Amino acid sequence: MTDPAQTEVEQPEPGGRPAGGNGREVARGGLTTAEVAERVARGEVNDVPARSSRSTADIVRANVFTRFNAIIGVLFVIILIVGPIQDGLFGFVIVANTGIGIIQELRAKKTLDSLALIGEVRPTVRRDGSAVAVPTSEVVLDDVIELGPGDKVIVDGEVLESDGLEIDESLLTGEADPVVKKPGDPAMSGSFVVAGNGAFAATKVGRAAYAAQLAEEASRFTLVHSELRTGISRILKYVTWMMIPTALGLILSHLLTLGLPADDAVRRMVAGIVPMIPEGLVLLTSVAFAIGVVRLGRKQCLVQELPAIEGLARVDVVCLDKTGTLTEGGMDVSELRPLGDSTLPSQGDSEPARVRRVLGAFGASDPRPNASLQAVADAYPAPDGWRCTGTLPFSSARKYSGAAFEEPGGEPSAWLLGAPDVLLSGDDPLLPEIDRLNAQGLRVLLLARAGRPLDHPDVVREVRPVALVVLEQRLRPDAPDTLRYFAEQGVQAKVISGDNAVSVGAVAGKLGLPGADSPVDARQLPHDDPEAMARALEGGAVFGRVTPQQKRDMVGVLQSRGHHVAMTGDGVNDVLALKDADIGVAMGSGSEATRAVAQIVLLNNSFATLPSVVAEGRRVIGNITRVATLFLTKTVYSVLLAVLVACCQIPYPFLPRHLTLLSTLTIGVPAFFLALAPNKERARPHFVRRVMRYAVPSGLITGLAAFATYLLARSYYTGPDALGAQTSAATLTLFLTALYVLAIIARPYTWWRIGLVLLMGLGFLIVLVTPWLQHFFALRLVGTTLPWAAVAIAVVAALLLETTWRWVGRRFPA
């Protein structure tokens, strides 16, 4: 690379305009401290905040100003006008639930913001002639920013230096092929480096750069675009339309036909409308998501989009990149095998020593080596007198890198270092020995002397093998347990790597991955036959020699077969696949590009965190599906009771306080605990259908049981004060039947689930036997005959519920 201090180039004017005639030039050595301060004072700084979460105002607004809070608020105000206050308890419940939602999301925001700060990448800029790492927000106009493999272009600029610099602009243009950049070419923010090194000058910073818009979309704390929330929204829309005619029917029936006083008619209309609204379901979903973020945050896992929590629950295939996922980042040279090539430069020393000199010079030729070349550089120091005259940066597509030197004696030479099966012909006698080494889980590089210039389009032709460099990879000690967890949970693990297939299979075999003994070379896959390709992917577990584009294609093929795919990776070769996967998981130490497109970032770089991530997703979606049945059962029986009462032209049996008590004991309190309980069941699609298949029959049975008791009580109790006794009997049946629905949903039973159901029953019993609570809730059982009849009807309803749930489970399996 050219010396940074040697050349000066014209830079753009403030605000992103090209430097025209002002005579101002900025050295490639970068800005001075004074120049930086001057630009900061003018506001020419990349000050767009990296938003990892919604603002506090957004969180409060989203939880308070909802359609259903507005409806509940209007009904609450009506009750405050007509009284008494105990019929307005539902209003205080909404305030409490909204407060809980705000508090939990603020906790999640705090976790996200702190984790985003930990995982923030600091680009390397040149200041006062030195390379320093600064926060993204401190980059200023005209800064000279260095680039290497995996770096993301954070602001718009113009390339100043290029040493084989190749930039992938697929996130901007959709074109997967990397673009070779030369001095003077534009560098677009949001793109990333796949090969080579270089530097560019910032011409647009802050909100003027495209990266500002990209960051806003990529890292926003969202609560949308999920099947769960879409399904809930659809249900709530239907409920809204049902509420209007029901409210009109109830108020007209009570005022005109029954002739009740206006205040009593209004109270009973409100009592019929309020329980139709599953208002707590929306809040509980947000709380469950937010708590999931907090829990994962404690494990150094940054969730960049809340729907990722739900997506994890649906994953049934996880694609793993070997390097950095199954293995640790570093490698060690375990063996060097010279091949007796006479073309090595003769300097009076032994052949192995000459090979080590070449490797030492090769390792020193790349200022930002990948893991393989770093191992070579660590093992062999740079020799004296070797001058690098050109390089060919490593790329995942090529599978090799190159370097040209002027040796101490003045002789020029060019070298390639990379995958033997790419550099050698298919019938080369070296390949069987290389395969044997690969089968042991070792990585083998071939050092070959090039017979053509490095920039020749067919440089791999006429190469002469010189030595084999055998590298040993460091396996992650936690990988076997993680792979075992996925197998137990029914999640297929597939290793997709750019390395030799046999070598990858050997590593996966050491870690106990099923199917690792039959690795597949991706170059042999039937790419022109989608069906055959899909069969091969579903049948195989280990794939080697996979190009970045092939990784992306593999994810697409698996998705086309109905799989929900998670992709893990840490290198730029994983970006395209991470972007297209249902869930992208990036390692914290990986390239900035992978972190930019992933929904989840493992900041501790621990593959062992993945089971916790998957388990958290399953817990959230499974439990929300479970408690949604509770909420919607209440909606169904509330609609049914309102319709039956209006049709029969009789008073609505309940006051708002009765249904507030029942909702709290059979739904509100237990739903909160059930939503946070452990749940390992993998989520399935069709959320609305899965919930309604149980909620509809349960609501019908519960509503009919309560209405039957009410009709029986109307014939049994007579007189001016009979409505209170009739209501109490119907409330008893409704509570016991709803409690049995809770008991079914709480399965499988544990000590705390049983205790939760019993505690809710005890709470209702306390209301029935405590005089001041009887008066407060207007609940007083009269006599013994009808209360026991109410219990008997509830028992029959419970038997019907049990039979119906079992029949639905067989007739409409999930």
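Below: a short report on this structure. As the structure is a prediction and not an experimental result, all values here were calculated from the model.

**Digging into the packing of helix α17 (residues 530–539) against helix α18 (residues 548–560)**
For any two helices packed against each other, the geometry comes down to the angle between their axes and how far apart the axes lie.
Right, so step 1: Between α17 and α18, the least distance of the axes is 10 Å, while the angle of their chain directions is 95°. Judged on the interaxial angle alone, α18 and α17 are roughly perpendicular. Contacts from Met533, Ala534, Leu537 and Glu538 of α17 reach α18 at Met554, Val557 and Leu558.

**Focus: empty space enclosed by the protein**
Right, so step 1: Under the defined criterion, the tally for this structure stands at 3 cavities of 30 Å³ or more.
Right, so step 2: Here the largest cavity is characterised by a volume of approximately 80 Å³.
Right, so step 3: Along the walls of the largest cavity sit Asp163, Asn197, Phe362, Ser365, Asp366, Leu373, Thr391, Leu392, Pro393, Phe394, Ser401 and Gly402, which together make up its complete lining.
Right, so step 4: The set of elements that each furnish at least two residues to the lining of the largest cavity consists of β13 (387–392) and β14 (400–406).
Right, so step 5: Residue composition of the lining of the largest cavity, grouped by class: 5 nonpolar, 5 polar and 2 charged.

**Re a nonpolar patch on the surface**
Right, so step 1: On the surface, a cluster of nonpolar side chains totalling about 670 Å² of accessible area is made up of Trp241, Ile244, Leu248, Leu252, Leu255 and Leu256.
Right, so step 2: Mapped onto the fold, Leu248 is located in helix α7 (residues 227–257).
Right, so step 3: Its relative accessible area of 49% is what places Leu248 among the partly exposed residues.

**Focus on the pattern of salt bridges**
Right, so step 1: Tallied over the entire structure, the rule returns 24 salt bridges.
Right, so step 2: A salt bridge links Glu433 to Arg436; the shortest N-O distance between them is 2.7 Å. Here Glu433 and its partner Arg436 are both found in helix α14 (residues 431–439), 3 residues apart, which amounts to about one turn of the helix.
Right, so step 3: Residue classification places Glu433 among the partly exposed positions, given a relative accessible area of 25%.
Right, so step 4: You can call Arg436 partly exposed: its relative accessible area is 40%.
Right, so step 5: Notably, a salt bridge pairs Glu531 with Arg561, separated by 3.5 Å at the nearest N-O pair. A residue pair is termed long-range when its members are at least 10 positions apart, and Glu531 in helix α17 and Arg561 in the loop between α18 and β21 (565–569) qualify at 30 residues.
Right, so step 6: By relative accessible area, Glu531 is classed as partly exposed at 47%.
Right, so step 7: Looking at Arg561, the relative accessible area reads 33%, which means it is partly exposed.
Right, so step 8: Each of Glu335, Arg337, Glu433 and Arg436 takes part in salt bridges that share partners, so that together they form one network.

About the criteria used
- Residues numbered from 1 in each chain as written.
- Predicted model: local features only at pLDDT ≥ 70, side-chain atom pairs only at ≥ 80, totals over all residues.
- Heavy atoms only, no water.
- Axes fitted to C-alpha atoms, helices over the stretch in contact; angles between N-to-C directions.
- Helix = DSSP H or I, 4+ residues; strand = E, 2+ residues; numbered from the N terminus.
- Parallel < 35°, antiparallel > 145°, perpendicular 65-115°, else oblique.
- Contact = heavy atoms within 4.5 Å.
- 1 Å grid on protein atoms, 1.4 Å probe; cavity = no way out; pocket = protein on both sides within 12 Å on 5 of 7 lines; lining within 4 Å.
- Points joined across faces, edges and corners; volume = space filled by probe spheres on them.
- Nonpolar A, V, L, I, M, F, W, Y, C, P; charged D, E, K, R; others polar.
- Patch = residues over 30% accessible without salt bridge, like charges linked within 9 Å, V, L, I, M, F, W, Y side chains within 5 Å.
- Areas by Shrake-Rupley, 256 points an atom, 1.4 Å probe, with all protein chains shown as cover.
- Salt bridge = Lys/Arg side-chain N within 4 Å of Asp/Glu carboxyl O.
- Buried < 20%, exposed > 50% of the residue type's maximum accessible area, 1.4 Å probe, protein only.

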